[in-house]
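One-letter residues, chain by chain:
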Amino acid sequence: MFWQQVVNGLTLGSTYALIALGYTLIFGVLGIVNMAHGEVFMFGAFVGLLLVTTFQLNIFVAILGAMIVGCLLGVILEQAALRPLRRRSVSHLAPLISTIGVSIFLESLALRIFGPQAQAFPASVAGQLLSIGPLKISSVQILILAVSFGLMLILRFWLQKTRIGKSLRATAENIETANLLGVNTNKIIVMTVALASGLGAVAGVLVGLAFNAVEPTMGVTMGFKGLAVLIMGGLGNVTGAMFGGIILGIAEVFSVAYGSSSYRDAVAFGIIIIILLWRPQGLFGAQKGGH
Amino acid sequence: MILQLNQVSKNFGGLAALMNVSFQVNRNEVMGIIGPNGAGKTTLFNLITGVLTPSSGDIIYQQQSIVGLKPHKLTEIGLARTFQNIRIFGQLTVLENVMVGAHVRSKAGLWHGLWKTPFARREEGNIKQRALELLDFVGISNHADDTAEALSYGKQRRLEIARALATEPEILLLDEPTAGMNETETTELRDLIQQIQVMGKTILLIEHDMHLMMSVCDRLAVINFGKKIAEGQPDQIQSDPAVIEAYLGKEAV
Amino acid sequence: MDFILNPYYLQIVMFMAINAVLGISIYLTLSTGQLSLGNAGFMSIGAYVSALLTIKAGAPILVSVLCGGVAAGCMALLIGLPVIRLQGIYLAIATLGFGEVVRVIVLNLKITNGALGISGIPSMAVIFGKQLSEVGLSSGMGGLTLQQIANLLVLLVLIAVVAVLVFFCIRVHNSRVGRALAAIKADEKAAEVMGIDVTYYKILMFCLGAVVAAIAGGLAAHLTFYIGPKDFAYHRAVEILLFAVLGGSDVVWGPLLGAFLLTALPEVLRFAAEYREMIYGAILVVMMAFRPQGLLSTQTLRYIKEKLGRSRVNDTSTQPG
Amino acid sequence: MLKVQGMVTSYGNIKALQGIDLHVPAGSIVSLIGANGAGKSTAMKTIVGLLKPDAGQIIFQGQEIQGLPAYKTVALGMSLVPEGRQILANMTVLENMEMGASQRRDAEIDDDLEKMFKRFPILRERRDQLGGTLSGGQQQMLAIARALMARPKLLLLDEPSMGLAPLVVADIFQVIQEINEQGTTVLLVEQNARQALKISNYAYVLETGKIVLHGQADDIAQNPRVKEAYLGGTKRK
Amino acid sequence: GGNSASTNKQSANTAKIGVPAYLSGAGAAYGEAIRQGLELAQSEINAKGKIKIELIFEDTKGQKNEAINAVNKLINKDNVVAIIGPTLSGEMFAAGPIASQAGVVIMGTSTTAEGITEVGDYVFRNALPESLAIPNTVKKATAKYNLKKVAVMYSNNNDWAVSGYKTFMQSLKQNGVEVLTVETFADKDTDFSAQLTKIASLNPDAVMVSSLYQEASLILKKARELGIKVPFVGNNGFNSPQLMKIAGAAAEGAIVSSPWYPGKDDAKVQAFIKAYQAKYNKAPDQFAAQSYDALYIMVNALEKAGSTTDRKKLRDNLAQIKGFQGVTGKFAFDEKRNPAMEATVLIVKNGQFTELK
Ligand SMILES: Nc1ncnc2c1ncn2[C@@H]1O[C@H](COP(=O)(O)OP(=O)(O)OP(=O)(O)O)[C@@H](O)[C@H]1O
Ligand SMILES: Nc1ncnc2c1ncn2[C@@H]1O[C@H](COP(=O)(O)OP(=O)(O)OP(=O)(O)O)[C@@H](O)[C@H]1O
Ligand SMILES: [Mg+2]
Ligand SMILES: [Mg+2]
């Protein structure tokens, strides 16, 4: 049972990581927590589902479609809720509220369009179950694990080493200075939000596939966990998001397996609080430079 | 003697920013600290004011070790500073900035504030009066009601000095107070420092402006690569070959 | 009068008052720049403690509400000491985590009755009614029924609580302590070097916020007969924050206005039926785009005061008496 | 190269610049001096596009640029060393310098990096240290190096000597002259007016948002009013 | 009340009924089913009846305070004669006393927790309390499958599921069945692998689950994936066609007891299913069936009361209802205004609910 629980924890954790990556990316550039990310994730799941069921498309095409819709949503989100706030001396809380507004809007929009029922991907695309020795793991879960790890590596490289990545970090630190150094900050920001949202949408499809339920409120629950992971790993840190996700997943699963399942969330958040007390900047967060 | 540093060191990771620095500051003197960029002067200030804790060594203020005391405690017992990279309260008005400085010298707590007791009212009045005087002293009283972030760079520096003075310090630590001021303004500041000295305060001053330092300081300590390389009266320092080599340059003298 | 006597409107006004108290609680913590999402958790402590005290121990409502406040205050002190050094969003999530932990514990405790919640909490209106009839007002007075008088009394109590808190906040804001808080909010490090005991003030405000939130919780419990863990989940924490950010967190009137608007808005939007939520979300976005600093700020307040001052001058000149 | 006409800039309802005219000919060094709060930094920021002017024209190499965002003026060949340094605190020294060249696509970036390191050896030594942990003077050097990495046609310097040790100050003015000789035009704001005027061709004096005096740098340096107000009057030297 | 003008305009035989329901948010699926059941009944009643029904829906978002506001509005602004709803037991605990105090009938169609009707004299429900349904199921399943040791799972942040869990534990004790482990989860959870892996290692004879169908179907799916083949005994929440739709083959062998049995050989039931299918293009679940019945029960009482506005009369007549024949079977209110009705134990076979015999 132990190893099966480890597998359970890993797969759960990697879905958390997948969502947290999107949060991290946006936080990394804009320094804000995009509260609508969970809903973009949910929309992505629905778009993927629709493409597979109504339009009978291949699952990979559906993922691509979801990604495109996610990017578009990201662009709209940026224009409507973030750009107007990017002025001097705007409280850092303002974007929190406006993205909450967007999230409420999107959730209820989804309720109108897709209905409140949970829906599932047809069994044919849900992927089969693999048995490795006594362990059972589904192919979708392996996919998720691979995708989140892959994305982490790519994003890390991209942020640290590429020119755009550096511009992005410069923008994150100080928009005015970045501008002064010749960075088209607006473009960078739109691009990042679109990218993060696209990734969020893909995550939605994958998680929808893995757990077999797509419904309008899935964004809230998963988004909440993603947020926790974001903090645990260290804001804006890609590696942190990955490991934070896995730690949270394993912690949750083990608290069920060897403790009491009714304290699952308390254990999870307890761990986060302890980690923060030990490292106030998160597991992988950098100590702020400052003189 | 009011302040004494004993073999103070500070490391940042592998970098030794300060190594076994010792000197002492006498009551009511203006002591200058000079040295090349990155020598460790600001770090020294950070150690004295409790912003950083020394890796080793001891700092003694009025016969009492102050290592490990919180910054606000240090302010309470009489140390005040300005920052090299200005740190004013941008959203507050200029006057309020200075009044914040008077915090440690006033007592009205929640209770008094709540009932606006005569005591609290009187105290507020005094603080405000004093703050306005200090603004006048540094020459920005016409900006009293502006938000502090709207001040130009040079005026923000003056505000910092006024705010530090409002804490009624025994020792005032000024980190490059004339950065961003022209020569005329610097001269004004020199007068100001001298006035503060006349008021009986001790001043610790970091500056790269040698004219100012030579004319205002009673004594100077020179730091290079984290080590004290010289200490003495301005004219001694000025002619010290090691100092000329490391810091002043040939033609500056 | 008719308007306020209608139980529907009366109830909304009562909820406004409760939310106003919550708004003030977050205003208090925000006044040192701390973003706490734990106030829903403290609210639940207040609600449960006071509900249990009245039900199990038969304590008078006022006493039990105050006890709830004290309990939350102690809790805040306990977790505040380690947590207070976290900054910004880290603090927000840690306190949100605290709220979740409280919720899970409430779900698992016997005395709180888990997810089933506590029902049959004596309501203030009922108790006031009883007391009124004891003093011989059983048939009502001045064309009002007993129940209506009791309801108005409840409203009066709530308004009094809000008024006291507002008074408190304004006085603190304009005092030496208020200035220290503003300095901490602007730059913690610099404030500390200026001689302000940052930790002390931060914990003080964190605890005060907790106490006020708990009082709101206690009052709410005695308004609605029933409390359950759902009432204090994550959405509530965010809602409380919304009051302050939407209304503006610089002046105490901001969270107050935010609480009023956000309580009224869903009711006003009832006509829109299934588009209600969508409109609500859109309004949040639009408001932030136009007033990102919140509806009320120090400047607006100053402006309003000037205007009022002027119009008062005009008033007296045109219509004496 | 740069022509400013009737430039007005305000913060809210405070007019910080009340219609100023400047002319910076190609290949020259032009100084802008004035007391604290005169509007020097405001003028610099408006020229590069960090602030939007309310009125007036800014013409750079024959092109009207008022209102263009900063990243576009950088593309056109301007580069500002801002007041207060504005180092990217959480990026390393090297990354800060690379960011300076963010719009360049040529192959000589590495050569330029090498040149900067030669000019400011401390930066090479600290290339992997976070910008925010440098000392004040080190940050100032980094800010200058970073601006130069853009290979600007017009370099705007807002108090470049601030916080630098005497030896380095002398160096900096030398560097400015050198860059100028290599073909870069310079607009300089300095509190160290004596030194600034020494290396400048032309100078403007700004007082409360207006140009009150301008002329050849030597003439300005001799002007009694200037001496009184900015050069320490007659009290010294 | 300021709304009298509009009331006067309506013909005297129109009864206004308020419906506070969980129409947006996590539980919107249940609110929607309730709404559809009511609207179907309304259209039938209005088409033929002497009494016309006007339904006023208010969203409660599943939140207590919203429910209070909605009920207050319906009573004091819309002047409804009765209320059907709210959806959750927790909402009823808060809103029931208010309606009772105002003297307005409030009838839950899905509030199955214990003690609901005790909050006020005007509080009714036609939802079969779990305390009646579950013992029935447990008894039958124990006998049929010879259960010795079982595992129990429930959603611990859902008042109604917790109440169901408590009843499960009681009945298991009464039947002498050992409980190996109790595992909890939360509404809207999607990952149950940890709990089920643990349960699988304990080899129970059956698993008892108290939750809504959405979690139930995901649990079933995961359990079958992990190789747990034993029967799953559920509470009321299992009773939805969505269970089979989401869980597919994994739903086979799920057991639940319910007054609502779509396979019933009864003209009324089949006609309802057909009409519902035609109108909404999906099969009705018990939420829809019970709210459908609720409106008919209400109309029945209104007719007997002979008034569409007299709230007191309506209450007294409603309390007298006996022998009403609805799609959920024969129905009466007991003296505590709880339903007295029969439940059938059902099992999923070949993707259909069939009676467990
Ligand atoms: N947090 C830190 N981490 C790493 N190195 C640091 C840190 N803070 C300071 N340093 C280094 O310590 C040395 C001393 O810095 P300090 O700021 O004290 O210099 P300074 O004498 O004030 O110089 P300046 O005249 O340029 O202001 C510098 O080399 C600096 O880069
Ligand atoms: N953000 C701001 N908001 C409002 N007013 C401002 C702001 N920044 C500057 N000002 C005002 O604009 C005027 C010009 O300021 P500026 O910074 O350009 O002066 P400066 O000449 O660079 O002074 P210094 O030598 O002190 O740097 C000053 O009166 C200042 O108060
Ligand atoms: Mg320094
Ligand atoms: Mg300036």
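This structure is a prediction, so every number in the text was calculated from the model and none was measured.

J.: An account of the overall build of chain C is needed here, citing residue identities and associated values.
T.: Scanning chain C from terminus to terminus reveals 14 helices and zero strands. Whereas a compact globule of 321 residues would reach a radius of gyration of roughly 20 Å, chain C reaches 21 Å, a difference of no more than 12%. Looking at chain C as a whole, 62% of its 321 residues qualify as buried. In the form shown here, chain C has an accessible surface area of approximately 12,200 Å², with 68% of it arising from carbon and sulfur atoms. Mean positive and mean negative side-chain charge positions of chain C (21 and 15 charges, respectively) differ by 4 Å.

J.: Residues and numbers for the pairing of strand β4 (residues 105-108) of chain E, please.
T.: All names here are of chain E. On β4, burial covers both faces: V105 and M107 on one face and I106 and G108 on the other are all buried. In the sheet, strand β3 (residues 82-84) pairs with β4 via three bridges, with the strands oriented parallel. The residue bridging I84 from the neighbouring strand is M107, located in β4. At this point the chain moves from β3, through helix α4 (residues 89-102), to the parallel β4, and the crossover so formed is right-handed. As judged from the three bridges shared by β4 and strand β5 (residues 123-125), these two strands associate in the parallel manner. Residue pairing in the sheet places I106 in a bridge with V123 of β5.

J.: Explain the coordination of the magnesium ion (ligand 4) residue by residue, including any values.
T.: The expected angle between donors at a tetrahedral four-coordinate metal is 109.5 degrees. At an octahedral six-coordinate metal it is 90 or 180 degrees. All names here are of chain D. Note on the magnesium ion (ligand 4): its protein donors are S41 (OG) and E83 (OE). The metal-donor distances range over 1.9 to 2.1 Å. Of this pair, S41 sits in helix α1 (residues 40-48) while E83 sits in the loop between β6 (78-81) and α3 (93-100), and the two are 42 residues apart along the sequence. Each member of the pair S41 and E83 is classed as buried.

J.: Report on the sheet that holds strand β5 (residues 63-64) of chain D, specifying residues and quantitative values.
T.: Residue and element names in this part refer to chain D. The strand order across the open sheet formed by four strands is β2-β1-β4-β5, and the pairing between neighbours is antiparallel. Where the open sheet ends on each side, the last strands, each with one partner, are β2 (14-24) and β5. The sheet contact formed by strand β1 (residues 2-11) and β2 spans eight bridges and is antiparallel. Pairing of L2 across the sheet is with V24, part of β2. Contacting β1, β2 and β4 (55-60), α1 crosses the sheet at an angle of about 115° to β1.

J.: Outline the pattern of salt bridges, supporting the account with residue identities and numerical values.
T.: Where charged atoms from two side chains of opposite charge approach closely, those side chains can pair. According to the stated counting rule, one finds 52 salt bridges over all chains in the structure shown. With its nearest N and O atoms 2.8 Å apart, the salt bridge here joins R270(C) to E267(C). In this pair, the class of R270(C) matches that of E267(C), namely buried. For D78(E), the salt bridge goes to K73(E), with nearest N and O atoms at 3.0 Å. Both residues of the pair, D78(E) and K73(E), belong to the buried class. When salt bridges with common partners are traced through the structure, they connect E267(C), R270(C), R276(C), E277(C), E58(E), D59(E), K61(E), E66(E), K73(E) and D78(E) into a single cluster.

J.: Any details on the side chain of T112(C)? Residues and values, ideally.
T.: Residues and elements named next belong to chain C. Note on placement: T112 falls in the loop between α5 (88-108) and α6 (124-134). We classify T112 as buried; its relative accessible area is 4%. Within the local environment of T112, its side chain forms a polar contact with the backbone oxygen of V106, the two atoms lying 2.6 Å apart. Beyond its immediate stretch of four places on either side in the chain, T112 contacts Y48, V106, G117 and I118.

J.: A description of the site of ligand 2 should follow, citing residues and the corresponding values.
T.: Around ligand 2, a shell composed of 20 residues is seen, among which A150(B), G154(B), S41(D), T42(D) and E83(D) lie nearest. The local environment of ligand 2 is shared, drawing residues from chains A, B and D. Contact distances for ligand 2 include 3.0 Å between an oxygen atom and a side-chain N or O atom of Q191(D). Within the complex, 87% of the 630 Å² of free accessible area of ligand 2 lies under protein. Elements supplying a minimum of two residues to the shell around ligand 2: α6 (153-166) of chain B together with α1 of chain D. Here the shell around ligand 2 takes three residues from α1(D), the largest share from any one element. Here the residues of the shell around ligand 2 sort into seven nonpolar, eight polar and five charged.

J.: Break down the coordination of the magnesium ion (ligand 3) for me, with residues and values.
T.: Residue and element names in this part refer to chain B. Here the magnesium ion (ligand 3) is held by T42 (OG1) and Q84 (OE1), and the distances to it run 1.8 to 2.1 Å. Of this pair, T42 sits in helix α1 (residues 41-48) while Q84 sits in the loop between β6 (79-81) and α3 (94-101), and the two are 42 residues apart along the sequence. With a relative accessible area of 13%, T42 lands in the buried category. Using a relative accessible area of 7% as the deciding quantity, one classes Q84 as buried.

J.: Got a sec to walk through the site of ligand 1? Specific residues and values, please.
T.: Within the structure, ligand 1 sits among 22 residues, and T42(B), T43(B), R126(D), S135(D) and G137(D) are positioned closest to it. Close to ligand 1, residues of chains A, B and D are found. Contact distances for ligand 1 include 3.3 Å between an oxygen atom and a backbone N or O atom of G136(D). Contact with the protein chains removes 92% of the 640 Å² of surface that ligand 1 exposes when unbound. Of all elements in the fold, only β2 (15-25) and α1 of chain B together with α6 (136-148) of chain D reach the threshold of two or more residues within the shell around ligand 1. Among the residues forming the shell around ligand 1, the class breakdown is five nonpolar, 14 polar and three charged.

J.: Outline the interface of chain A and chain C, listing residues and values.
T.: At the interface, 43 residues of chain A touch 36 residues of chain C. For the pairing of chain A and chain C, the buried interface totals around 3,500 Å² over both sides, and the portion due to carbon and sulfur atoms is 79%. Three residues stand out in chain A for area buried against chain C, namely I97(A), R112(A) and F224(A), and they jointly supply 17% of the buried area on that side. Our enumeration of links across chain A and chain C arrives at zero salt bridges. Inspection of the chain A/chain C interface yields four residue pairs in polar contact (both at pLDDT 80 or more). Sorting the residues of the side of chain A that touches chain C by element identifies α3 (59-82), α4 (94-114), α9 (218-233) and α11 (264-278) of chain A as the ones contributing at least two each. Here the element with the most residues in the side of chain A that touches chain C is α4(A); it accounts for 12 residues. Residues that form the side of chain A that touches chain C fall into these classes: 31 nonpolar, nine polar and three charged.

J.: Lay out the arrangement of the chains with the relevant residues and their values.
T.: Counting contacts across all seven pairs of chains that touch, the top-ranked interface belongs to chains A and C. One thing to see here is that chain C and chain D don't touch, and their nearest C-alpha atoms sit 13 Å from each other.

J.: Go over the domain arrangement of chain B, please, and point to the residues and values.
T.: Residue and element names in this part refer to chain B. Considered domain by domain, chain B is made up of domain 1 (1-78 + 169-253) and domain 2 (87-166). The centre of domain 1, based on its C-alpha atoms, is set 26 Å off from the matching centre of domain 2. Contact residues are listed per partner, giving 19 residues for domain 1 and 11 residues for domain 2. Roughly 1,200 Å² of surface becomes buried between domain 1 and domain 2 when both sides are summed, with 69% attributable to carbon and sulfur atoms. When the buried area of domain 1 at its contact with domain 2 is split by residue, P169, M181 and L192 rank highest and sum to 30% of it. Where domain 1 meets domain 2, there are three residue pairs in polar contact (both at pLDDT 80 or more). Breaking the side of domain 1 that touches domain 2 down by element, the ones donating at least two residues are α2 (71-76), β7 (171-175) and α7 (183-198). When the residues that make up the side of domain 1 that touches domain 2 are grouped by side-chain class, the tally is nine nonpolar, five polar and five charged.

J.: Describe the sheet that holds strand β1 (residues 3-12) of chain B, listing the residues and the values that go with them.
T.: Residue and element names in this part refer to chain B. A sheet is described by the order of its strands in space; here four strands give the open sequence β2-β1-β4-β5, paired in antiparallel fashion. Because the sheet does not close on itself, it has two edges, and the strands there are β2 and β5 (64-65). Where β1 meets β2, seven bridges bridge the pair, whose relative direction is antiparallel. Considered in β2, the bridge of L3 is made with V25. Seen against the sheet, α1 touches β1, β2 and β4 (56-61) and runs at an angle of roughly 115° to β1.

Definitions and limits used
- Residues numbered from 1 in each chain as written.
- Chains lettered and ligands numbered in written order.
- Predicted model: local features only at pLDDT ≥ 70, side-chain atom pairs only at ≥ 80, totals over all residues.
- Heavy atoms only, no water.
- Helix = DSSP H or I, 4+ residues; strand = E, 2+ residues; numbered from the N terminus.
- Rg over C-alpha atoms; globule rule 2.2 N^0.38 Å.
- Buried < 20%, exposed > 50% of the residue type's maximum accessible area, 1.4 Å probe, protein only.
- Areas by Shrake-Rupley, 256 points an atom, 1.4 Å probe, with all protein chains shown as cover.
- Lys, Arg positive; Asp, Glu negative; His and termini not counted.
- Charge placed at Lys NZ, Arg CZ, Asp CG, Glu CD.
- Pairing = 2+ DSSP bridges.
- Right-handed = clockwise from strand over helix to strand, strands pointing away.
- Donors = N, O, S within 2.8 Å, 3.2 Å for Na, K, Ca; no water.
- Contact = heavy atoms within 4.5 Å.
- Axes fitted to C-alpha atoms, helices over the stretch in contact; angles between N-to-C directions.
- Salt bridge = Lys/Arg side-chain N within 4 Å of Asp/Glu carboxyl O.
- Polar contact = N/O pair within 3.5 Å; in protein donor to acceptor, adjacent residues only side chain to side chain.
- Near = heavy atom within 4 Å.
- Nonpolar A, V, L, I, M, F, W, Y, C, P; charged D, E, K, R; others polar.
- Buried area = accessible area lost by both parts, 1.4 Å probe.
- Domains from an automatic or database assignment.

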